[in-house]
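Structural description and commentary
If you want the building blocks of each chain, they are given just below.
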Amino acid sequence: MSAVSSRVSSRLPVFPWDKLEPYKATAAAHPDGIVDLSVGTPVDPVPELIQKALVEAADSPGYPTVWGTAGLRDALTGWVERRLGAVDVAHTNVLPVVGSKELVAWLPTQLGLGPGDKVAHPRLAYPTYEVGARLARAEAVVYDDPTRLDPTGLKLLWLNSPSNPTGRVLAKDELIRIVAWAREHGVLVFSDECYLELGWEAEPVSVLHPDVCGGTYEGVVAVHSLSKRSNLAGYRAAFVAGDESVLGELLQIRKHGGMMTPAPVQAATVAALGDDTHVSEQRARYAARRAALRTALEAHGFRIEHSEASLYLWATRDQPCWDTVAHLAELGILVAPGDFYGTAGERFVRVAFTATDERVEAAVKRLGGASRG
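Attention here is on the structure that accompanies the text. Along each chain, the written sequence defines residue order, and numbers are assigned to residues from 1. At least 70 in pLDDT is required for a residue's local features to be given in this predicted model, at least 80 for side-chain atom pairs to be given and counted, and no such filter applies to totals for whole chains, interfaces and linings, which use all residues. Side-chain metrics rest on all non-hydrogen atoms present in the structure, leaving aside hydrogens and water.

**A word on the overall build of the protein**
Rules: The secondary structure listing takes helices from DSSP runs of H or I that are at least 4 residues long and strands from runs of E that are at least 2 residues long, numbered from the N terminus. Here the globule rule reads 2.2 Å times residues to the power 0.38, and the radius of gyration is calculated from C-alpha atoms. Relative accessibility thresholds used throughout: buried, under 20% of the residue-type maximum; exposed, over 50%; partly exposed, between the two (1.4 Å probe, protein chains only). Any two residues having at least one pair of non-hydrogen atoms within 4.5 Å are treated as being in contact.
When helices and strands are tallied, the protein shows 13 helices and 13 strands. Compactness check: the protein gives a C-alpha radius of gyration of 21 Å against a globular reference of 21 Å for 373 residues, within 12% of the reference. Within the protein, the fraction of its 373 residues that count as buried is 54%. For the protein, the proportion of contacts with a sequence separation of at least 24, taken over those separated by at least 6, is 75%.

**Description of the pattern of salt bridges**
Worth spelling out the cut-off: For this document, the term salt bridge refers to a Lys or Arg side-chain nitrogen within 4 Å of an Asp or Glu carboxyl oxygen.
As enumerated under the stated definition, the model contains 22 salt bridges in all. Measuring nitrogen to oxygen at the nearest pair gives 2.6 Å for the salt bridge that ties Arg254 to Glu102. Placement of Arg254 in helix α9 (residues 244–257) and of Glu102 in helix α5 (residues 100–110) is noted, with a sequence separation of 152 residues between them. Between Glu305 and Arg303 there is a salt bridge, and its shortest N-O distance comes to 3.0 Å. Through salt bridges with shared partners, one network takes in Asp32, Glu358, Arg359 and Arg366.

**A word on the sheet that holds strand β8 (residues 238–242)**
The test is simple: The pairing criterion is simple: DSSP has to find at least two bridges between the two strands. Working convention: axes come from line fits to C-alpha atoms, limited for helices to the stretch in contact. Angles between N-to-C directions cover 0 to 180 degrees.
The strand order β2-β8-β7-β6-β5-β3-β4 describes an open sheet built from seven strands, whose pairing is mixed. The open sheet has two edge strands, β2 (94–97) and β4 (139–143), and neither has a second partner. Sheet twist, expressed as the average angle between the axes of neighbouring strands with direction ignored, equals 20°. Note: strand β5 (residues 154–160) against strand β6 (residues 188–192), five bridges, orientation parallel. Residue pairing for β6: Leu156 is matched across the bridge by Leu188. Helix-sheet contacts for α5 involve β2, β3 (118–122), β5, β6, β7 (220–225) and β8, and the interaxial angle to β5 is about 160°.

**Some remarks on the environment of Gln319**
Here is the rule we go by: Polar contact is defined as a pair of N or O atoms within 3.5 Å, subject to the rule that within protein one atom must be able to donate a hydrogen and the other to accept it, and that residues adjacent in sequence are counted only when both atoms are side-chain atoms.
By the element assignment, Gln319 lies in the loop between β10 (312–316) and α12 (321–330). You can call Gln319 buried: its relative accessible area is 18%. Spatially, the C-alpha atoms of Gln319 and Glu346 are 8.5 Å apart, while their sequence positions differ by 27 residues. Residues in contact with Gln319, not counting those within four places in the same chain, are Thr324, Glu346 and Arg347. A polar contact is formed between the side chain of Gln319 and the side chain of Thr324, at a distance of 2.8 Å.

**Digging into helix α10 (residues 263–273)**
Most of α10 sits out of view: eight of its eleven residues are buried. Where the residues of α10 are buried, they touch α3 (48–56), α4 (70–84), β8 and α11 (277–299).

**Remarks on unusual backbone geometry**
Following Ser161, the chain continues into Pro162 via a peptide bond in cis, with omega recorded as 0°. Structurally, Pro162 is set in the loop between β5 and α7 (172–184). Residues Asn164 and Pro165 are joined by a peptide bond in cis, for which omega reads 25°. With respect to the helices and strands, Pro165 occurs in the loop between β5 and α7. In the Ramachandran plot, Asp88 falls in the positive-phi region, its phi being about 50° despite a non-glycine side chain. Summarising the element assignment, Asp88 is placed in the loop between α4 and β2. With phi around 65°, Arg137 is a residue other than glycine that occupies positive phi space. Relative to the elements of secondary structure, Arg137 occurs in the loop between α6 (128–135) and β4.

**Some details on the nonpolar core**
The following threshold applies: Buried Ala, Val, Leu, Ile, Met, Phe, Trp, Tyr and Cys residues form a nonpolar core when they are joined through side-chain atoms within 4.5 Å.
Core analysis: the biggest nonpolar cluster contains 66 residues, and Trp158, Phe190, Val240 and Ile333 have the highest contact counts within it. A per-element tally of this core places α12 first, with five residues. Setting aside its immediate chain neighbours within four residues, Val240 contacts Asn93, Val94, Leu95, Val97, Leu103, Phe190, Val221, Ala222, Val223 and Leu247. By size, the runner-up hydrophobic cluster in this structure holds 45 residues, among which are Val80, Leu84, Leu149 and Val212.

**Quick notes on the side chain of Glu308**
Here is the rule we go by: Asp and Glu count as negative and Lys and Arg as positive, but His and the ends of the chain are not part of the count.
Structurally, Glu308 can be placed in the loop between β9 (303–305) and β10. Nearest to the buried, unbridged Glu308 among oppositely charged side chains is Arg168, at 5.5 Å. Those residues in contact with Glu308 that sit more than four places away from it in its chain are Gly167, Arg168, Val169, Gly199, Trp200, Glu201, Ala202 and Arg290.

**Description of the packing of helix α2 (residues 21–28) against α12**
This is how the line gets drawn: Convention used here: angles under 35 degrees read as roughly parallel, angles over 145 as roughly antiparallel, angles from 65 to 115 as roughly perpendicular, and any remaining angle as oblique. Residues were grouped as follows: Ala, Val, Leu, Ile, Met, Phe, Trp, Tyr, Cys and Pro as nonpolar; Asp, Glu, Lys and Arg as charged; and all remaining residues, including Gly, as polar.
Between α2 and α12, the shortest axis-to-axis distance is 7 Å and the interhelical angle comes to 25°. Judged by the angle between their axes, α2 and α12 are roughly parallel. Here Tyr23, Thr26 and Ala27 of α2 come into contact with α12, specifically with Trp322, Val325, Ala326, Ala329 and Glu330. By residue class, the composition of the contact of α2 with α12 is six nonpolar, one polar and one charged.

Take a look at the structure:
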């Protein structure tokens, strides 16, 4: 590889999922096949009304726009007001993105951050927050309570509620305190709320709720995705909402970069955000899988922490996470090691409940019939 082509990749950590391959091979060798509870990719069908909208927009020969159609922006603003309780949301307060991971990875660069700037994220977190900082040559810093950070040089603060990987939900009072602190110190808040509609034992609140942001979106932006709520991970459909000055700047930059949501996906997004029935049906599927796996894991000797929301159970047997990964792989069950999300997770595993009912049932049976090891 040439020196030029390796310069950027050398700034990045090893892609974590590659380290799981040997354990995946062990799990796949199980006589009844693998139960993959690792990545957390949706497996249920895309709802018919969304597929129909996509097909009907398939004849889209022209270039889409980065800001999206007026119909899409209407759908985004309407959903943000209806579902998040936000008020007075204008088209300038929303911007579609090509999947939320793309936004997370490139946001620090698009904000113009670089050496000397800091990007903060939770101590246990989705690895792409750190990747985004590294791509921009900024410094990634971790926190337990963001208001205890030194605000010097801190330009971007990532919140994630409900959390990936732990499923923890930030209470409204916590959000109010954090947003007030960030505004006091001129720190931009981006709140990753992609699991907001998947609260089980808590009701997640958005930073855009007027109780949190005081009815003004200055300095706050929420990130949302249709991957989980609508099974649209393959569509790359997501958006951000909040501070119009920040979104206006991102819009200009993304226009130059050609970061356009495909026109058929825009149409599908409109259909998805206009229907709550399919979301309720999908929630019910996940709730049943979550309950079955939680019961089986606890009976097998696991302790579940947090996990009050999201698509994951944050589980521990009070042993190094890779030992747990190996133990479950022998049962044909693949999970994610907690240290993928930070050293604080090194005695936990993240168990996704995104497998089919049949595969979840297989996992439950294996956990019930095997030694605790």
